[in-house]
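# Structural features, examined
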Amino acid sequence: MQREVKFAGFGGQGILSAGKFLADGALEEGKEVAWVPSYGPEMRGGTAYCTIVIADHPIGSPVVNTPYDLVAMNRPSLEKFENTTKAGGFILVNSSLIPDRVTRTDVHEILVPCNDIAMKLKNNRAANMVALGAYVACSGVVSLETIIAHVPVTFARKPQFVEANIACIKEGAKIARQALEKVL
Amino acid sequence: MAANTIFEKPVAMTDNHTHYCPGCTHGVAHRLVAEVLDELGMRERTIGVAPVGCSVLCYNYFDCDFLEAAHGRAPAFATGMKRVCPEKIVFAYQGDGDLASIGGNEILHAANRGEKITVIFVNNAIYGMTGGQMAPTTLPGQVTTTSPMGRDVELTGWPIRMRELLSSLRTPAYIARGSIHSPQESIITKQYVRKAFQYQDKNTCFSMVEILSTCPTNWGMTPTDSTKWLKENMIPYYPLGELKTPEGGDGNFERMTGISE
Amino acid sequence: MAKKLMKGNEAIGEAAIHAGAARYFAYPITPQTEVAEYLARRMPEVGGVFLQAESELGAANMIFGAASSGKRVFTSSSSPGVSLMSEALSYITSAELPCVFINVCRAGPGLGGILPSQGDYFQATRASGHGDFHLIVLAPSTVQEAVEHMMIAFDLSDKYRNPVMIFADGLIGQMMEPVDFDAIKPGTPADHSAWATTGAKGREKHVIKTLYLNPLDNEAHNRHLAAKYVEITKNEQKHEIYGGLGKPSLILTAFGTSARVCKTAVDVLNEEGIDIALFRPISIYPFPAKALDVLSRKQHVKQFLDVEMNNGQMIEDIRLYTRSAKPISFFGRQGGIVPSPEEIIDEIRKVMIVDKPKKKAAKK
């Protein structure tokens, strides 16, 4: 088994940390994992993306041009990466910021209004956590419980954020499951 | 009954004959440093750093541990050694081409970081080992093999006063300039050298003593004429004295030089 | 300590501490700056030394000074910075000081780019500075291997009194992978009191120098170094052969990150019954010549395909140590692009020499 997902958005959306969260979850479940960031000036406010490779065997190439899934947090990311994913995978679209729809028919489109949900839960900056919960729920690459259990570890120094982030992850997962039922 | 010893070679010097030209003042500068190492009882915990230039072989004359640096990098070598062995005494011995030209960046930043090292900076206003080329410290009008018509400050800028340049840094330091063209000045210069090592020993600050020195061979003069030339030409441009002391704080620059006038 | 997800650069920094080398001098440059950032936080916790130098020139020459103490010290940089360090590398090697340099290689020449590259292979294995000398160079292909190589690097540099370079690239530096520090075995730092400059107390003075004005002395010194490289070449060749179905006819040759990508290509084609394998040099100096020579003499090996993230540098060693006895082709990406498994597979299919009449059954 090997599965790859690209998280993409603009700098400041917490793209790299959402990916790190997923990678930590995979590691906790004893899987092989590689987290490959885009780096350099483009990190500072421009497009940010990272690819997470999760496998049950040692990972060969950590550089994956055609990931299985895509989590697109803004419009340019969807435009740029929509056609790079494999057939049969998920494209999770942050519909709060992306008015477009996925044009391909060989992938599963999951619409999640990440920013709206985060705002509703009074945790404006946690749209990335909503997306993470949503992605984990529909892909099943790691269990949602593992991700939730990891929140207090990541926020060990900011315990006041633990509950709010868990709420975002759970809500993202809920919305994604509902969307998934329609798709499949 | 044995005669009283009134003069002897410092323990921190070897018995080797130096390779320096007749009349060169490197030997005096070496001796001042070695006497201070003896007097402060530092020899056994001192590591010297030799430059590239005439004094590259100075480890043959000092009887203490020594590194031979790449050109201009002696302050970086000394920094590395001192940072991992802060209990040692580390000094760099550098000439003016080495320190003020190719190693300008290394000395600037070692001083600015306040490395607890001592730099002995021998300034004779010329490149010695390579045969008398213009140095950043060469005086206006001074003839060298690469300024055969005399240094033209319009083309090559004015000589760098390293003592003044480094003293302008905010980081506390001990920075002085002495000369060894006469016994009297040598005695004063030795006091500067002694203070420099003491400041290091107390872990107080970076210290540098610039020593005005002669190069009879490349200046094309007799040793006697050289000392006269140094006194008449170098000292007016490179005034002697302590310019910066750690006690003086940031304000001592203007007070000690009167540069504000 | 369980496995921990770490960036390659941070893992390299932590590994040095495990190796007893909590003394680091460096200058920031992408894509290796995280080594310095990590150690700036970490060194005070372990009582180590961290100093941000004024330049790579300063950092590398500080390493000379620090290594002269006989203590384990190291620095890291990326390609343009390593060029500035070449001065010190030459002096340090001549002075026979143990220490470790890391090159998190990025695309050149010139300022180039900040993305992963293997363009400094020649620099690392042949021309690290002026004069006749060699570094020992290890090329990890995963973060965990980079950590293991740090342990080996300090031990080798102690053993031979020669600097060791870890040749990584921007991908290894920047990506995160699980690292297991329990699995590594730090060696014991060697006793260097016979030559280290620590103050001439109760002994003759020690002088560490590289100037030999007498040509006969200098020749003797060069011969001494050369003899050391012969020893190193004899003892320290490391390689891996990966994949294959018994009698591979095509051998991929690649190191570091490109080797890792090749592994995926090998897996995919082996699955299809196509018998190819990968030869991965782990030490790129000394080059694993013996093993490649043996491999190239096998009857079933018909050809080589060298894959690098440059215009073809290691391929010269492949030609040399296979005596060009079999056809060798090249596939490379430049400019900071990591080749994909797909394009390597396409290239293999394109260049593969197929025996026409006989149909071979693939067997496990």
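Overview of the structure. Note that the coordinates shown come from a computational prediction; the quantities given were computed from them, not determined experimentally.

Conventions and cut-offs
Residues numbered from 1 in each chain as written. Chains lettered and ligands numbered in written order. Predicted model: local features only at pLDDT ≥ 70, side-chain atom pairs only at ≥ 80, totals over all residues. Heavy atoms only, no water. Contact = heavy atoms within 4.5 Å. Buried area = accessible area lost by both parts, 1.4 Å probe. Salt bridge = Lys/Arg side-chain N within 4 Å of Asp/Glu carboxyl O. Disulfide = S-S within 2.5 Å. Polar contact = N/O pair within 3.5 Å; in protein donor to acceptor, adjacent residues only side chain to side chain. Helix = DSSP H or I, 4+ residues; strand = E, 2+ residues; numbered from the N terminus. Buried < 20%, exposed > 50% of the residue type's maximum accessible area, 1.4 Å probe, protein only.

## Thoughts on the interface of chain B and chain C
Counting residues at the interface gives 35 residues for chain B, matched by 37 residues for chain C. Of the roughly 2600 Å² buried where chain B meets chain C, counting both sides, 59% is carbon and sulfur surface. It is B:Asp65, B:Glu68 and B:Val84 that lose the most area in chain B upon contact with chain C, and together they represent 23% of the buried surface on that side. At the boundary of chain B and chain C, one finds 3 salt bridges.

## Some points on the state of the cysteines
All names here are of chain B. Taken as a whole and assessed by the stated rule, the structure comprises 0 disulfides over all chains. This cysteine, Cys54, is not joined by any disulfide, and Cys215 carries the nearest cysteine sulfur, 6.2 Å off. The thiol of Cys85 is not disulfide-bonded; the next cysteine sulfur, from Cys64, is found 14 Å away.

## Remarks on the interface of chain A and chain C
On the chain C side, the residues contacting the 20 residues of chain A number 23 residues. Roughly 1700 Å² of surface becomes buried between chain A and chain C when both sides are summed, with 69% attributable to carbon and sulfur atoms. A per-residue breakdown of the area chain A buries against chain C is headed by A:Leu27, A:Trp35 and A:Tyr39, which together make up 36% of the total. At the boundary of chain A and chain C, one finds 0 salt bridges. For the interface between chain A and chain C, the tally reads 5 residue pairs in polar contact (both at pLDDT 80 or more). When contributions to the side of chain A that touches chain C are tallied by element, the ones reaching two or more residues are α1 (15-28) and β2 (32-37) of chain A. If you tally residues by element for the side of chain A that touches chain C, the top one is β2(A), at 6 residues.

## What about the side chain of B:Thr118?
All names here are of chain B. Residue position: Thr118 is located in strand β4 (residues 118-123). Owing to a relative accessible area of 0%, Thr118 belongs among the buried residues under this scheme. Reaching out from Thr118, the side chain makes a polar contact with the side chain of Gln200 at a distance of 2.9 Å.

Just geometry here; none of it tells us what the structure is for.
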